[in-house]
Amino acid sequence: MKKIRLSSIAFMLMASIFYVGCQSDVETPSPQSSILPDRFGIDIPDGLSNDNATTGGRIAEIDSLSGNEIYHYLSFFINVGEEGANIVGDIIRSIKKYDINHPMSLSYESDDDGRTKNLVVKENPSFDGRDWEFVLTITDAESEGEVDGGKGLQIFWNRYPIKGIAIIKPYNLDRNSNFECGKDAMVSIEYSEAGDHGYEQHMIVSIGNIDTGMEEPDDIYMLSAMKMFVGKNGDVIDIYGNSDHPYARFLTEKTGYNWAFVASGSERLDIGVAEVGLPPSVLDEPSREILLGYYSLKNVFEREILAVWPNIDRETLNAILHNMEAPAYFDTDGFVSGGTSPGEMYDIFAERLDILSPYNPKEIRNLTISFQ
C-alpha cells in the first residue's frame, strides 16, 4: 500500500494567536466594561476533534488504508477548523487590556514580530449584506499601502444576542512565522447565538487563499481550502463540511479529492458519529446521496482497489476495506469502529446524520476569503 501523509495548516492558525505587548496606562477592564463579545466559538467533542497524531504540523505517515486511519483524518480536519475559531477568542482576550468599550484607535508594538500594529474600532458598519454594531480592525502599519491594506484581523459583531464575523490573515499579524501556506492564506469565522439555522449556537469556519503552487507539492495531500458548519442545541453538536485536496490521489492516477463529511455528537459524553465521502474536487454536486453515497469512503476505495487489482479475491478486499463502512463511531480516544454501533448511546447521533449534508465540492475548491 502507498503511504499517506496529509499536511496541515494548523501551524498557520496557531501562529496567529498573538499577545499584544505594549504598555497601557489604564487598568485591565472587567468583562462588563468591554464591548467585545465574550464568546466566539463552539467546543467540539474530543472524539470528533483530534490532533494527537500530528507532528510538526503534519499527520504521521501510515502504512495501510484501514478505516481507523482514514477516519482519523476527519477528526484532524475538524480540529483544524475548531482551532481557527479558538484563535478569535484568544485574540479578543489579548486585546481586552485596552479597555475597548467605545469606538477608538490606538497603536502598539507586537510581541511576535516587533512591528507596529494599528487597532481601530468603529460603529455601525455594514458587511456581508448585514448591519453590525461594531467593527474592529487590526493592520500592520507598514503594510497599509498594500493591496490588502495590511489587514490582519477584522471582527464585525453585535452584542445582544452575540453574533459576528471574524476574518484573519495571519501573515499581517506575525511576519516572523514560517507561512508554508503562503502569505495570502486567510481564515473566516462566523458565530451566532441568534438561533440562526435552527441552532442555539452555530459557527461556520472557512479557510482559503492558500498557495498550493503550480507544480505538484512534496505532500500531495496538502489542504487548499476548507469550510465547516458547527451547530449546537443543548448537549448535541452537529457538524458538516468539506476540505479540498487538489493534488490528492490514492491507488490510481486520479487526482484531486474533496474530504466531505457530516458528524453529530455529545459534548457531555465526548462521543460522536460521522460519515465521510471522497468526491472529486471539481465535482459540481450538492446531493448528499452522491457525496456520501456513491462517493462514500468504502465505495471510492473499492473502485480504486479493483481498478488496480481487478482479480483480487473478496476476502482480501474485505480485509482492506475493514472499518470503512459508514457510519464511523468515535469516543474520547478517537475512532472506535465503522458500520457497527458500539452501544445505544451512539444511536441517537447516528440517526441525526441523515439530516446533514456537506457543501458542494466545487464551491469549496473555488472558495476565497476577503476583508471589507
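Residues numbered from 1 in each chain as written. Predicted model: local features only at pLDDT ≥ 70, side-chain atom pairs only at ≥ 80, totals over all residues. Heavy atoms only, no water.

J.: How would you summarise the overall build of the chain if you had to cite specific residues and measurements?
T.: Along the backbone of the chain there are 7 helices and 17 strands. Buried positions account for 57% of the 372 residues belonging to the chain. Considering only contacts in the chain between residues 6 or more positions apart, those separated by 24 or more positions represent 62%. With an accessible surface of roughly 15,900 Å², the chain has 45% of that area assigned to carbon and sulfur atoms. (Helix = DSSP H or I, 4+ residues; strand = E, 2+ residues; numbered from the N terminus. Buried < 20%, exposed > 50% of the residue type's maximum accessible area, 1.4 Å probe, protein only. Contact = heavy atoms within 4.5 Å. Areas by Shrake-Rupley, 256 points an atom, 1.4 Å probe, with all protein chains shown as cover.)

J.: Explain the environment of Arg314 to me, and be specific about the residues and the numbers.
T.: Locating Arg314 in the fold gives a position in helix H5 (residues 314-320). In this structure Arg314 comes out as partly exposed when scored by relative accessible area, which is 45%. In this structure the side chain of Arg314 is engaged in a polar contact, spanning 3.5 Å, whose partner is the side chain of Glu302. (Polar contact = N/O pair within 3.5 Å; in protein donor to acceptor, adjacent residues only side chain to side chain.)

J.: Any chance you could break down the confidence of the model for the chain for me, citing the residues and the numbers?
T.: Scored by pLDDT, the chain comes out at a mean of 82, with 83% of its residues at no less than 70. Segment residues 1-32 is flagged for pLDDT under 50; beyond a separation of four residues in sequence, or across chains, it makes 107 contacts in the model. (pLDDT = per-residue confidence, 0-100.)

J.: Please set out the nonpolar core residue by residue, giving values where relevant.
T.: Residues Ile100, Leu119, Val121, Leu136, Ile168 and Ile239 are the most contacted members of the largest nonpolar core, which totals 78 residues. The leading source of residues in this core is helix H2 (residues 67-95), at 13 residues. When near neighbours in sequence (up to four residues on either side) are disregarded, Ile100 contacts Ser33, Ser34, Ile35, Leu36, Ile95, Leu119, Val121 and Leu136. Ranked by size, the runner-up nonpolar core spans 16 residues in total, among them Tyr199, Ile204, Leu292 and Leu356. (Core = buried A, V, L, I, M, F, W, Y, C linked by side-chain atoms within 4.5 Å.)

J.: Now, about the pattern of salt bridges: what can you tell me, with residues and values included?
T.: Under the criterion given, the structure shown has 18 salt bridges. Between Arg115 and Asp140 there is a salt bridge whose closest N-O contact spans 2.7 Å. Here Arg115 is found in the loop between strand E3 (104-109) and strand E4 (116-123), whereas its partner Asp140 is found in strand E7 (residues 134-140), with 25 residues between them in sequence. The pair Arg115 / Asp140 is uniform in exposure class, with both members buried. (Salt bridge = Lys/Arg side-chain N within 4 Å of Asp/Glu carboxyl O.)

J.: Explain the side chain of Lys232 to me, and be specific about the residues and the numbers.
T.: Topologically, Lys232 is positioned in strand E12 (residues 225-233). Within the structure, Lys232 has its side chain in polar contact with the side chain of Glu267 (distance 2.6 Å). Each residue touching Lys232, except ones within four places of it in the same chain, is listed here: Ile42, Tyr199, Glu200, Gln201, Ile237 and Glu267.

J.: Go over the packing of aromatic side chains with me, naming the residues and quoting the values.
T.: Each aromatic ring pair is specified by the distance between its two centres and by the angle formed by the two planes. Scanning the entire structure with this criterion turns up 11 aromatic pairs. Both rings, one in Tyr329 and one in Tyr346, keep their centres 5.7 Å apart while their planes meet at 85°; by these two values the pair is edge-to-face. Taken together, the residues span a long stretch of sequence, with Tyr329 in strand E16 (residues 328-331) and Tyr346 in helix H6 (residues 344-352) at a distance of 17 residues. Like Tyr329, the residue Tyr346 is buried in the burial classification. (Phe/Tyr/Trp six-rings, centres within 6.5 Å; stacked < 30°, edge-to-face > 60°.)

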